[in-house]
Amino acid sequence: MTCKEKLTEAIRIVEDFPKPGISFKDITPILLNPALVQEVIEELARPWKDKGITRVMGIESRGFLFGPGIAMQLNAGFIIVRKKGKLPPSTFSVSYALEYGEAEIEISDYAIRPGEVVLVHDDILATGGTAAAAASLAVNQGALVKGFSFLSELAILNGRERLVGFSTDVETILNF
Ligand code: AMP
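A quick note: this is a predicted structure, and the numbers were derived from the prediction, not measured.

Helix and strand counts for the chain stand at five helices and nine strands. In the chain, the succession of helices and strands from N to C terminus is α-β-β-α-β-α-β-β-β-β-α-β-α-β. Against the 2.2 N^0.38 benchmark of 16 Å for 176 residues, the chain shows a C-alpha radius of gyration of 16 Å, consistent with a compact globule. The C-alpha extent of the chain, read off along each of the three principal axes, is 40 × 40 × 30 Å. Out of the 176 residues belonging to the chain, those deemed buried represent 45%.

Right under this line is the structure:
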């Protein structure tokens, strides 16, 4: 079986969670299979080898699961991008629009220096709003956003369009 086939089998789809009409993709069953975890990390890291990545940004919370593994494979540092109020000072933060209302994410102020080459990682690319906000945090610190990495995308939501202003290099293993 290919990695893609194994992932399709492992990911649990839960309809109408957390709200009616949402088809939730639960990636956590992957973690029950250590051989698959290793394979997924290698598959996620492969397109970015030799691209000069110095930092991988993982988005709370499921971007923390595979992000450190990808960063290790790339010999890059790993940064946690957290929801407002979780990190101790000092931080840089950015607000962004949600379907209803606003959200704010932040990074520690020491995490990214000017000239850093950044890969933004999360489990699922939906509307792209969160990944774009993470990318803007990196750009605001003078970093270059080399690209985006997701296990899967919900292509119907056109998340890639939100990311083109940062990078058109968007890698995903699966497409729902
Ligand atoms: P977005 O900013 O719309 O791209 O949403 C991205 C965040 O929401 C990611 O951190 C995903 O983990 C989560 N997310 C959005 N839609 C889904 C879905 N259908 N299933 C699981 N997670 C989702």
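A few words now on the site of the ligand. The full set close to the ligand counts 13 residues, and Asp122, Asp123, Thr127, Gly128 and Thr130 are the nearest of them. With respect to the ligand, the side chain of Asp123 contributes an N or O atom lying 2.6 Å from an oxygen atom. With respect to the ligand, the side chain of Thr127 contributes an N or O atom lying 2.5 Å from an oxygen atom. When the ligand is considered free in solution it has 490 Å² of accessible area, and contact with the protein chains removes 81% of it. Contributing elements (two or more residues each) for the shell around the ligand: strand S2 (23–26), strand S7 (117–125) and helix H4 (129–140). For the shell around the ligand, the class distribution of residues is four nonpolar, five polar and four charged.

Our focus in this paragraph is the packing of aromatic side chains. A full pass over the atoms with the stated rule returns two aromatic pairs. Seen from their ring centres, Phe17 and Phe24 are 5.2 Å apart, and the 85° between their planes marks the pair as edge-to-face. A relative accessible area of 43% places Phe17 in the partly exposed class. Their ring planes at 90° and their centres at 6.5 Å tell us that Phe64 and Phe78 sit as a pair that is edge-to-face.

Summarising the element assignment, Met72 is placed in helix H3 (residues 63–73). For Met72, a relative accessible area of 67% gives the class exposed. The spatial distance from the C-alpha of Met72 to the C-alpha of Ile41 is 9.6 Å, given a sequence separation of 31 residues.

Quick look at H4 now. The terminal C-alpha atoms of H4, which comprises twelve residues, lie 16 Å apart, in line with the 16 Å expected from a rise of 1.5 Å per residue. Taken across its twelve residues, H4 has nine buried, putting it largely inside the fold. Looking at H4, one finds that the buried residues are Gly129, Ala131, Ala132, Ala133, Ala134, Ala135, Ser136, Leu137 and Ala138.

Attention now goes to the pattern of salt bridges. Side chains bearing opposite charge may pair, as long as their charged atoms lie close to each other. Summed over the entire model, instances satisfying the criterion amount to eleven salt bridges. Across the pair Arg46 and Glu43 runs a salt bridge whose closest N-O atoms are separated by 3.1 Å. Residue classification places Glu43 among the partly exposed residues on the basis of a relative accessible area of 27%.

Let's shift gears to the sheet that holds strand S4 (residues 77–83). Working definition: the strands of a sheet are paired by backbone hydrogen bonds and lie parallel or antiparallel to each other. What the seven strands build is an open sheet, ordered S5-S6-S4-S3-S7-S8-S9; its pairing is mixed. Only two strands of the sheet have a single neighbouring strand rather than two, namely strand S5 (91–97) and strand S9 (170–175). Adjacent strand axes in the sheet meet at a mean angle of 20° when their direction is disregarded. Judged from the seven bridges that link them, S5 and strand S6 (residues 102–108) form a sheet pairing that is antiparallel. The residue bridging Val94 from the neighbouring strand is Ile105, located in S6. Most of the contacts of helix H1 (residues 3–10) go to S9, to which it runs at about 60°, and overall it touches strand S8 (144–153) and S9. Each of strand S3 (55–59), S4, S7 and S8 is contacted by H3, which is oriented at about 165° to S4, the strand it contacts most.

What counts, and where the lines are drawn
- Residues numbered from 1 in each chain as written.
- Predicted model: local features only at pLDDT ≥ 70, side-chain atom pairs only at ≥ 80, totals over all residues.
- Heavy atoms only, no water.
- Helix = DSSP H or I, 4+ residues; strand = E, 2+ residues; numbered from the N terminus.
- Rg over C-alpha atoms; globule rule 2.2 N^0.38 Å.
- Buried < 20%, exposed > 50% of the residue type's maximum accessible area, 1.4 Å probe, protein only.
- Near = heavy atom within 4 Å.
- Polar contact = N/O pair within 3.5 Å; in protein donor to acceptor, adjacent residues only side chain to side chain.
- Areas by Shrake-Rupley, 256 points an atom, 1.4 Å probe, with all protein chains shown as cover.
- Nonpolar A, V, L, I, M, F, W, Y, C, P; charged D, E, K, R; others polar.
- Phe/Tyr/Trp six-rings, centres within 6.5 Å; stacked < 30°, edge-to-face > 60°.
- Expected span 1.5 Å × (residues − 1).
- Salt bridge = Lys/Arg side-chain N within 4 Å of Asp/Glu carboxyl O.
- Pairing = 2+ DSSP bridges.
- Axes fitted to C-alpha atoms, helices over the stretch in contact; angles between N-to-C directions.
- Contact = heavy atoms within 4.5 Å.

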